[in-house]
Amino acid sequence: MPHRRIATLAVAAIVSFLLLSQYDPQFSLLHLYESAIYMVLLFLLMYENEEWAFVVGMAAPAAWVLLISATNIHGILRQVGRVLSFQTPDYPANLIGAVCVLISALMFASCLYLWRRERWGFRHAWRTIGTIAAVVVVYYGVLVLWYSRLVIAKN
């Protein structure tokens, strides 16, 4: 696998989402599905389809960070603040969420750098970006709709 940095970050994202599912049992299935897109990224890298893998590595973390920013960024920042002031975290899942945000930022930056260095300027660059962006939006949209209906059904 020529791009070990991206593969390492994808494995770190998968592990952090699986760890997050253990500390946040009400969202465990959701976190499992969130990690699935990084498994797809690994398969794309394994089959040497870097053009698509780099765009997945940019779109999926960006969408996840936007989603978490809209829902739980205050809880994550509160736990990071507690750790930085040498206090124990109240809710460890938010601290793991902060690690996920950091991994996502590193993944986005690494994939953007590699995309611009190796793939930008090819004739199908915008088509790849549009296709993957649409897939990621639909993927996370389905997850949000599914989970919101699940929560509504429980109440």
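Here, every reference points to the structure presented above.
Residues numbered from 1 in each chain as written. Predicted model: local features only at pLDDT ≥ 70, side-chain atom pairs only at ≥ 80, totals over all residues. Heavy atoms only, no water.

K.L.:
Could you give me a rundown of unusual backbone geometry, with the residues and numbers involved?
P.N.:
Despite not being glycine, Glu48 has its phi angle at roughly 55°, a positive value. Summarising the element assignment, Glu48 is placed in the loop between helix 2 (28-46) and helix 3 (50-71). Although it is not a glycine, Phe86 sits at a positive phi angle of roughly 60°. With respect to the helices and strands, Phe86 occurs in the loop between helix 4 (73-84) and helix 5 (92-118). Exposure remark for Phe86: the relative accessible area of 81% places this residue in the exposed category. (Helix = DSSP H or I, 4+ residues; strand = E, 2+ residues; numbered from the N terminus. Buried < 20%, exposed > 50% of the residue type's maximum accessible area, 1.4 Å probe, protein only.)

K.L.:
I'd like to hear about the pattern of salt bridges, residue by residue, with values.
P.N.:
Tallied over the full model, the rule gives one salt bridge. The salt bridge involving Asp90 is made with Arg82; its shortest N-O contact spans 3.3 Å. Among the residues examined, Arg82 registers a relative accessible area of 21% and is labelled partly exposed. (Salt bridge = Lys/Arg side-chain N within 4 Å of Asp/Glu carboxyl O.)

K.L.:
Break down the layout of surface pockets for me, citing the residues and quoting the values.
P.N.:
When its volume is computed, the largest pocket comes out at roughly 420 Å³. Lining the largest pocket are 22 residues, with Phe27, Leu30, His31, Ile68 and Thr71 positioned closest to its centre. At the level of secondary structure, the elements contributing two or more residues to the lining of the largest pocket comprise helix 2, helix 3, helix 5 and helix 6 (125-154). Residues belonging to the lining of the largest pocket are distributed by class as follows: 13 nonpolar, seven polar and two charged. The computed volume of the second largest pocket comes to approximately 160 Å³. What lines the second largest pocket is simply Val55, Met58, Ala59, Phe108, Leu112, Trp115, Arg116, Trp120, Trp126, Ile129, Ile132 and Ala133. Elements with a minimum of two residues in the lining of the second largest pocket: helix 3, helix 5 and helix 6. (1 Å grid on protein atoms, 1.4 Å probe; cavity = no way out; pocket = protein on both sides within 12 Å on 5 of 7 lines; lining within 4 Å. Points joined across faces, edges and corners; volume = space filled by probe spheres on them. Nonpolar A, V, L, I, M, F, W, Y, C, P; charged D, E, K, R; others polar.)

K.L.:
Could you give me a rundown of the environment of Pro89, with the residues and numbers involved?
P.N.:
Within the element layout of this structure, Pro89 appears in the loop between helix 4 and helix 5. A C-alpha to C-alpha distance of 8.7 Å links Pro89 and Arg78, two positions eleven residues apart in sequence. In this view, Pro89 contacts Gln79, Arg82, Val83 and Leu95; residues no more than four positions away in its chain are not counted. (Contact = heavy atoms within 4.5 Å.)

K.L.:
Tell me what's going on with the side chain of Asn94, and back it up with residues and numbers.
P.N.:
Counting through the fold element by element, Asn94 comes out in helix 5. Dropping the residues within four chain positions of it, Asn94 is found in contact with Asn72, Gly75, Ile76 and Gln79.

K.L.:
Hey, could you go over the environment of Ser35 for me, with residue numbers and the actual values?
P.N.:
Relative to the helices and strands, Ser35 resides in helix 2. In this structure, Ser35 is in contact with Ile14, Phe17 and Leu18, ignoring residues within four places of it in sequence.

Honestly, it's all geometry; don't read function into it.
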